[in-house]
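What the coordinates show
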Amino acid sequence: MSFSLHGIGVSGGIAIGYAHLASSARVEVPQYMLDRQYIDEELARFDEAILATRADLENLRANIPAHAPAELSAFLDMHLMFLGDSMIAEAPKRLIRETQCNAEWALAQQMEALVARFEEIEDVYLRSRQEDVVQVVQRVLKALMGHPSHLPLDVDFDSERILVAHELTPADMVIFKNVHFAAFVTDLGGATSHTAILARSMAMPSVMALHNARGLIRDHDLLIVDGRDGVVIVNPDEAVLAEYRLRQNQWRIDTDKLKRLKSGKSATLDGTAIELMANIELVSDIDAVKAAGAHGVGLFRSEFLFLNRDDLPTEDEQYEAYKAVTEALEGKPVTIRTLDLGADKQAPWGHTVADNPALGLRAIRLCLVEPGLFHTQLRAILRASNHGHVRILVPMLANFVELRQTLQRIDEAKASLRRDGLKFDDGISVGGMIEVPAAALTATFFAEHLDFLSIGTNDLIQYTLAIDRADDSVAHLYDPLHPAVLGLIQQTLRAGAKVGKPVSVCGEMAGDPLLTRLLLGLGLRSFSMHPANLLQVKQQVLRSHLDEIGPLAQKLLKNTDPEKTATLLGRLNV
Ligand code: PEP
Ligand code: MG
């Protein structure tokens, strides 16, 4: 039966392929049946993965860095205890024997049963321990996937697969960067959640907030995913399929055409130069940055180096990552944002997740209460500055004490490098993200004390409108065009201009070609976005005349009538 589902299109493009239902194990888990003759081998493979995971955890526990958070050791002990429990180490083997399924699938099924039992526990603390079960299982799954078993002959690796999940975390998305999917669709999630941001950076058509896709779609159903309009068509008939194949081709042609813009200069029709920078999450994103011809990296979300692992990256490990990006950019600026963990990016070793994590110990707040962690990262960033043009960007600043403490920490990291005789750029620029309304309202102060500002509109909108950016039930209220939001952006841009400090926008608004002219009209001259959108934005820049768009942008800024907003935006984009 053919039917369609409607959600939020978070990353454009059209994909056609077969549904692959994700296990709630939060990692992609293959499912297949094994020939009887391979069962003993599969059981041995499972035992080996348990042993390898135990060895890994013990090794981690024996080598905890001195500055690691105090919780890390207790956390590793608990994971070792779960790993030794027969519910994890033995029960999946019974499933393998009884159902002839592969070890990954058996383990994922057992994990789901355990998580369901934890869900029934009333005590909040004990109930939240299900997260630890999931993390231990993820470790074993990783070990298993490093040593795959005999695959059934009927697996079709050539057909496009579309991942269907109830929910995906940003950490899951990082894993999917290495597994080929043509698209993904989820029941939960908002358009500016970090999961959606990663989907866009992977240029993968995606639809979120479908509510019950995981329940309605079956494995191997044929799907059309339209990531622009937010539509998923399940088991389409021939005519619909043909129509979407045409649209898919047109999309590819348009994307190819844009590539011609890569090397030309970026300026408006009246000759004003516009800086177009890239946002990245991982070192491997450098290729996309180069392919888009970006002027540099305007936002390196360094916290992704800290996800999907139970230990902390060492100073050297971080240094190597920052250095790799810096050297690859050959003198172009690389803006490394200091750790922004918390909210929807939780590291397994982090602090207990608060009831309201977006307002909790997140970003610079977390770094300031974990001085060892911050010091290590600052040293790594500073050392990388010896290899090119590095800038430091501090997320979520809200008050003056935080700013003063942060600058102090940077000075301390510099002093310690001097003592160790290690080189760094002593004049390194330090910028602050303006993403809390309080910071936007006092932007002049931040501009005076920093070298540059970068407006994080994703959070600025979230905090200004009190809308959780990852919660699809309030997604319709998440409004970049709200006059309060536009007013704060303009105020920040003016504060930068007043004291002669550059201001950029690095939130998702910067990568939305429909908003390029509006931002130009408000005075923005530096955009940072995921590279997949850069050439579309450049195309808009090249077609814009600042004199024409300025007055219209001001009208939009003052408009409080939601009915008129679309008309005004339409006029700006003619
Ligand atoms: C933002 O908030 O706009 C931003 C760029 O940071 P992040 O999306 O990583 O929170
Ligand atoms: Mg932010």
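Residues numbered from 1 in each chain as written. Chains lettered and ligands numbered in written order. Predicted model: local features only at pLDDT ≥ 70, side-chain atom pairs only at ≥ 80, totals over all residues. Heavy atoms only, no water.

Some words on the site of ligand 1
- As a structural note, the neighbourhood of ligand 1 is formed by 17 residues, with His194, Arg301, Arg337, Asn458 and Arg469 the closest of them.
- Measuring from an oxygen atom of ligand 1, one finds a side-chain N or O atom of Arg301 at 2.7 Å.
- In this structure, an oxygen atom belonging to ligand 1 sits 3.0 Å away from a main-chain N or O atom of Thr457.
- Considered on its own, ligand 1 offers 290 Å² of accessible surface; in the complex 100% of this is hidden by protein.
- Mapped by element, the contributors of at least two residues to the shell around ligand 1 are α9 (194-201), β10 (297-301) and α19 (457-465).
- Counting residues per element, the shell around ligand 1 draws most heavily on α19, at three residues.
- For the shell around ligand 1, the residue count by class is four nonpolar, five polar and eight charged. (Near = heavy atom within 4 Å. Polar contact = N/O pair within 3.5 Å; in protein donor to acceptor, adjacent residues only side chain to side chain. Areas by Shrake-Rupley, 256 points an atom, 1.4 Å probe, with all protein chains shown as cover. Helix = DSSP H or I, 4+ residues; strand = E, 2+ residues; numbered from the N terminus. Nonpolar A, V, L, I, M, F, W, Y, C, P; charged D, E, K, R; others polar.)

Describing the coordination of the magnesium ion (ligand 2)
- Note on the magnesium ion (ligand 2): its protein donors are Glu435 (OE) and Asp459 (OD). The metal-donor distances range over 2.0 to 2.2 Å. Of this pair, Glu435 sits in the loop between β13 (429-434) and α17 (437-441) while Asp459 sits in helix α19; the two residues are 24 residues apart in sequence, bridging distant segments of the chain.
- Glu435 gets classed as buried once you look at its relative accessible area, which sits at 2%. (Donors = N, O, S within 2.8 Å, 3.2 Å for Na, K, Ca; no water. Buried < 20%, exposed > 50% of the residue type's maximum accessible area, 1.4 Å probe, protein only.)

Some points on the domain arrangement of the chain
- Partitioning the chain into structural domains gives domain 1 (3-23 + 151-237), domain 2 (36-145) and domain 3 (269-572).
- Taking only C-alpha atoms, the centre of domain 2 and the centre of domain 3 are 37 Å apart. (Domains from an automatic or database assignment.)

Comments concerning unusual backbone geometry
- Even without being a glycine, Gln100 presents a positive backbone phi close to 60°.
- Secondary-structure assignment places Gln100 in the loop between α4 (91-99) and α5 (103-119).
- Overall, Gln100 belongs to the buried group, its relative accessible area being 17%.
- The backbone of Ala209 sits at a positive phi, close to 60°, despite the residue not being glycine.
- By relative accessible area, which is 6% here, Ala209 ends up buried.

A short note on the nonpolar core
- Of all hydrophobic cores here, the largest spans 110 residues; its most connected members are Ile392, Ile489, Leu518 and Phe527.
- Here this core gets seven residues from one element, more than from any other, and that element is helix α15 (residues 371-384).
- In this structure, this core is formed jointly by two domains, domain 1 (3-23 + 151-237) and domain 3 (269-572), each of which donates at least three residues.
- One finds Met78, Ile96, Leu107 and Val136 within the second-largest nonpolar core, a separate group that totals 37 residues. (Core = buried A, V, L, I, M, F, W, Y, C linked by side-chain atoms within 4.5 Å.)

Comments concerning the environment of Tyr18
- Tracing the backbone shows Tyr18 in strand β3 (residues 14-21).
- Along the sequence, Tyr18 and Phe181 sit 163 residues apart, while their C-alpha atoms lie 10.0 Å from each other.

Describing the environment of Asp547
- Relative to the helices and strands, Asp547 resides in helix α23 (residues 546-558).
- Asp547 sits 26 residues away from Gly521 along the chain, and the two C-alpha atoms are 8.4 Å apart.

Looking at the confidence of the model for the chain
- For the chain, the mean per-residue pLDDT works out to 90, and 94% of the residues sit at or above 70.
- pLDDT under 50 marks residues 150-158. Its contacts with residues more than four places away, or in other chains, come to eight contacts. (pLDDT = per-residue confidence, 0-100. Contact = heavy atoms within 4.5 Å.)

Here we look at the packing of α4 against α5
- The geometry of α4 relative to α5 is characterised by a closest axis approach of 8 Å and an angle of 125° between their N-to-C directions. Between α4 and α5, the interaxial angle falls into the category oblique. At the point where α4 passes α5, the crossing takes the right-handed sense. Residues Ala91, Pro92, Leu95 and Ile96 of α4 lie in contact with α5, whose contacting residues are Ala103, Ala106, Leu107, Gln109 and Gln110.
- Broken down by class, the residue content of the contact of α4 with α5 amounts to seven nonpolar, two polar and no charged. (Axes fitted to C-alpha atoms, helices over the stretch in contact; angles between N-to-C directions. Parallel < 35°, antiparallel > 145°, perpendicular 65-115°, else oblique. Left-handed = near helix turned anticlockwise from the far one by under 90°.)

Details of the side chain of Thr492
- Residue placement: Thr492 occurs in helix α20 (residues 483-499).
- Not counting the four nearest positions on each side in its chain, Thr492 is found in contact with Ile434, Ala440, Ala443, Leu453, Ile455 and Val503.

Here we look at the packing of helix α2 (residues 71-84) against helix α7 (residues 130-145)
- The geometry of α2 relative to α7 is characterised by a closest axis approach of 10 Å and an angle of 70° between their N-to-C directions. Viewed along their axes, α2 and α7 adopt a mutual orientation that is roughly perpendicular. Contacts from Phe75, Met78, His79, Phe82 and Leu83 in α2 reach Asp132, Val133, Gln135, Val136 and Val140 in α7.
- By residue class, the composition of the contact of α2 with α7 is seven nonpolar, two polar and one charged.

Brief notes about the pattern of salt bridges
- What the rule picks out here adds up to 27 salt bridges.
- Arg309 serves as the salt-bridge partner of Asp311, at 3.0 Å between the closest nitrogen and oxygen.
- On the basis of relative accessibility, which here comes to 23%, the residue Asp311 falls in the partly exposed class.
- One connected set of salt bridges, linked through shared partners, spans Glu303, Arg337, Asp340, Arg362, Asp459 and Arg469. (Salt bridge = Lys/Arg side-chain N within 4 Å of Asp/Glu carboxyl O.)

Observations regarding the sheet that holds strand β1 (residues 3-6)
- What the eight strands build is an open sheet, ordered β1-β8-β7-β3-β4-β5-β6-β2; its pairing is mixed. The open sheet terminates on both sides in strands that have one partner only, identified here as β1 and β2 (8-11). The average undirected angle you get between the axes of adjacent strands in this sheet is 30°.
- The pairing of β3 with strand β4 (residues 161-165) spans four bridges and is parallel. Paired with Tyr18 across the two strands is Arg161, which belongs to β4.
- Sheet contacts for α9: β2, β5 (183-186) and β6 (206-208); angle to β2, the most-contacted strand, approximately 50°. (Pairing = 2+ DSSP bridges.)

Points about α7
- Its 16 residues place the ends of α7 22 Å apart at the C-alpha level, agreeing with the 22 Å of an ideal helix rising 1.5 Å per residue.
- Taking burial as the measure, the 16 residues of α7 include 12 buried ones, the bulk of the element.
- When α7 is considered as a whole, its buried residues turn out to be Gln130, Asp132, Val133, Val134, Gln135, Val136, Val137, Gln138, Arg139, Val140, Leu141 and Leu144. (Expected span 1.5 Å × (residues − 1).)

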